[in-house]
Every structure is written in structure tokens, then in C-alpha cells.
Amino acid sequence: MERATEIRELLGLTPEDVVARAGAGLVVCENLDAMHRQFAEEIAAEIRGRNARGLQTRLILPVGPTGQYPFFADIANAEGLCLRDCSFFFMDEYCDAAGQVVTPAHPLSFRAIAEEKLLARLDPALGLSEESCVFPDQDNIGDLGQRIRDGGGIDTCYGGIGIHGHVAFNEPEPGVAEMGPRKVELNDFTVTINAVRAGVGGNLECFPRQAYTLGMAEILGADRLRLFCRNGCEFDWANTVLRLALFGTPGDDYPVTHIRGRDVVVFT
């Protein structure tokens, strides 16, 4: 079926139709605050459970959404959740045309956002080391895939979903489902929506056009995927991609559709 036709059919589903058809693959939260709180508890519960079994926890984490991180830090600090055996691989980071990642002083820096909303809030006694928090950059991008494989793979990939179906910055392109960590070109759809949402006044001219990203190979290779789709905000941009994530025919034009057949739950 042509994608536009499929989208028209999916948008013809009522919210009740979507919930019934998705079953356990969809969790509907009351609002964004509730979704972020559930996101935080999902991460905490996984680490808690794996600690109890003496297992390491290897997660892919997004910087978008980010509302979950203060809640997670509060949970972890309150219960003294041990993070010593955790490895956090953050999904992506903007870079300039020469391939240098933006510095933490840059207003769009994902590293700075993660530091502010999560890392700086965690009690150092929890044991999360700086070396176990990895952000893709020009120095490590060639080794990240092997580092993840050598560490035993990813237990859970937590992430958001972009307007054109990207997970991390895996934009639509042929063969995207098999691609690993790399430098990517951001398409006009991504740049436009991010320039609107990032608090930079729609500055398209100066917005980064490149980024480093973990690949769909690492994301789809995770034991579990838990994706969070921000319906309910002031711009209702996620309605289409939510339905494609749940029901869309797999295709490189919307990379999130490649999640079929995996252990996936989408929260909205």
C-alpha cells in the first residue's frame, strides 16, 4: 500500500480503535507529566530488578524526551539505587559541518541537557561513573558499535520518535535498519520541527544540519524497546508517527516502522 494511503487509513482510526488494536503494545498516560513519571519508573524498575539478580544494566537513553530524568534522579536518590553496574549510551549529539560536536556551552547541546536534568542531580554515592555515560562524538563514533557488542549488547533502548519516524537521529534512508553509529545529515523535516521546539525562535539558518547517532542496528538489537511519543503537547505533531510506529508497514521512509516483531511498548 502506498504510504500516503496507509496514513489516511490509520488517521481514520479513533483513539479507542488505536488502543484496542495495539493492546499491550501501547500504554496511554493521562498527560505528559504522567508519561514522564512512568518513564522514570520504567528505568528505575529495570535497574532495580537487574541489580537484584547481580546483572549489569546497559541502556540506550534519549535526550528528547527529557522530562523523565528529574523524576528518575529523585527515585534513585531516595532509595539509594545502585548505578555502579550501569552503562548509559546516549543516543545522539549535534555537530558542526566539520564534524566537531557542539560544546556543552551550545544551547542545543544534548550532553549539557543530560547533565542538567539527570547526571548532576544524581547522588555521587550511587556510583555512576563518568566513563559509563557515553555520548557519540567524533572521537568514539567508529568504536561505539563494537563497544556495545563487546559489553554484551543493550538490555533496553529507551527513546522518543521523531516526526519522520527517526529513532535517535536515524533519518529515512535506504538500508537504515542495518546501519550502525555514524555521522548523519539531518533532513529538512527534522531541522524545522526541532527549530520550532528547541526554543531558538525558529532559527533555521544557524540550526545544526549534522549529528552523530547510534544506529538502528544497535537500537533494534536491544532486548527490549520502550518508546515514548509526546502526544498531548501544544503542537499535535506526533499523531501520525504514533500510529505508524504501532501499525505502519516496515519501510526505510519511516525508520521506526522497523520495530515490528520485537519486544516493544509505546507510551503516549
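Because the structure is a prediction, the values reported are computed rather than measured. (Residues numbered from 1 in each chain as written. Predicted model: local features only at pLDDT ≥ 70, side-chain atom pairs only at ≥ 80, totals over all residues. Heavy atoms only, no water.)

Q: So, the environment of Arg84: which residues are in play, and what are the values?
A: Turning to its location among the elements, Arg84 is positioned in the loop between α4 (68-79) and β3 (86-90). Measuring from C-alpha to C-alpha, the distance between Arg84 and Cys206 comes to 39 Å, with 122 residues separating the pair along the chain. Every residue in contact with Arg84, bar those within four places of it in the chain, is listed here: Ala125, Leu126 and Gly127. (Helix = DSSP H or I, 4+ residues; strand = E, 2+ residues; numbered from the N terminus. Contact = heavy atoms within 4.5 Å.)

Q: Which residues make up the state of the cysteines, and what values do they have?
A: Here the structure, examined in full by the defined rule, presents 0 disulfides. Left without a disulfide partner, Cys86 is nearest to the cysteine sulfur of Cys82, which lies 7.3 Å away. Cys95 provides the cysteine sulfur closest to Cys206, a residue in no disulfide bond, and the two sulfurs are 16 Å apart. Among the residues examined, Cys206 registers a relative accessible area of 61% and is labelled exposed. (Disulfide = S-S within 2.5 Å. Buried < 20%, exposed > 50% of the residue type's maximum accessible area, 1.4 Å probe, protein only.)

Q: How would you summarise the side chain of Thr268 if you had to cite specific residues and measurements?
A: Within the secondary structure, Thr268 is located in the segment after β10 (264-267). If we skip the residues at most four places from it in the chain, Thr268 touches Leu26, Val27, Val28, Cys29, Met35, Cys229, Asn231 and Leu242.

Q: Would you mind going over the pattern of salt bridges in detail, with residue names and values included?
A: The tally for this structure, following the rule as stated, stands at 10 salt bridges. Between Glu173 and Arg182 there is a salt bridge, and its shortest N-O distance comes to 3.4 Å. Note on Arg182: relative accessible area 15%, which makes it buried. Across the pair Asp263 and Arg226 runs a salt bridge, and its minimum N-O distance is 3.2 Å. Taken as a pair, Asp263 in the loop between α9 (239-247) and β10 and Arg226 in strand β9 (residues 224-228) lie far apart in primary sequence, 37 residues in all. Taking relative accessible area as the criterion, Asp263 reaches 38% and is therefore assigned partly exposed. Residue classification places Arg226 among the buried residues on the basis of a relative accessible area of 8%. Residues participating in the shared-partner salt-bridge network are Arg3, Glu6 and Asp253. (Salt bridge = Lys/Arg side-chain N within 4 Å of Asp/Glu carboxyl O.)

Q: Quick rundown of the packing of helix α3 (residues 32-52) against α4? Include the residues and the values.
A: Where α3 contacts α4, the two axes come as close as 8 Å, and the packing angle between them is 40°. Comparing the axis directions of α3 and α4 gives the class oblique. With respect to the hand of their crossing, α3 and α4 are arranged in right-handed fashion. Residues Asp33, His36, Arg37, Phe39, Ala40, Glu41, Ile43, Ala44, Ile47 and Arg48 of α3 pack against Gln68, Tyr69, Phe71, Phe72, Ile75 and Glu79 of α4. When its residues are assigned to classes, the contact of α3 with α4 shows 9 nonpolar, 2 polar and 5 charged. (Axes fitted to C-alpha atoms, helices over the stretch in contact; angles between N-to-C directions. Parallel < 35°, antiparallel > 145°, perpendicular 65-115°, else oblique. Left-handed = near helix turned anticlockwise from the far one by under 90°. Nonpolar A, V, L, I, M, F, W, Y, C, P; charged D, E, K, R; others polar.)

Q: Could you give an account of the sheet that holds β9, naming the residues involved and the relevant values?
A: Taken together, the 7 strands give an open sheet; going across it, the order is β1-β10-β9-β6-β2-β3-β5, and neighbouring strands pair in parallel fashion. Edge positions in the sheet fall to β1 (26-27) and β5 (133-134), since each of these pairs with one other strand and no more. Bridging between β1 and β10 involves 2 bridges; their strand directions are parallel. Bridged to Leu26 within β10 is Val266. (Pairing = 2+ DSSP bridges.)

Q: Please give an account of the nonpolar core that cites residues and values.
A: Membership of the largest hydrophobic core comes to 44 residues, with the highest contact counts inside it found for Ile60, Phe89, Ile219, Leu246, Val256 and Val266. The set of elements that each furnish at least two residues to this core consists of α1 (3-11), α2 (15-22), α6 (144-150), α8 (216-220), β9, α9 and β10. A total of 6 residues in this core trace back to one element, the largest contributor, which is α9. Counting 42 residues, the second-largest nonpolar core is a separate cluster that includes Leu186, Phe207, Ala211 and Val265. (Core = buried A, V, L, I, M, F, W, Y, C linked by side-chain atoms within 4.5 Å.)

Q: Quick rundown of the side chain of Gln210? Include the residues and the values.
A: Tracing the backbone shows Gln210 in strand β8 (residues 210-213). Among the polar contacts made by the side chain of Gln210, one reaches the side chain of Glu185 at a distance of 3.2 Å. If near-sequence neighbours (up to four positions away) are discounted, Gln210 is found in contact with Tyr94, Cys95, Asp96, Ala97, Lys183, Val184, Glu185 and Leu186. (Polar contact = N/O pair within 3.5 Å; in protein donor to acceptor, adjacent residues only side chain to side chain.)

Q: Tell me what's going on with the pairing of β8, and back it up with residues and numbers.
A: What you see with β8 is no split at all: Gln210 and Tyr212 on one side and Ala211 and Thr213 on the other are buried throughout. Alignment of strand β4 (residues 92-95) against β8, held across 4 bridges, turns out to be antiparallel. The residue bridging Asp92 from the neighbouring strand is Thr213, located in β8.

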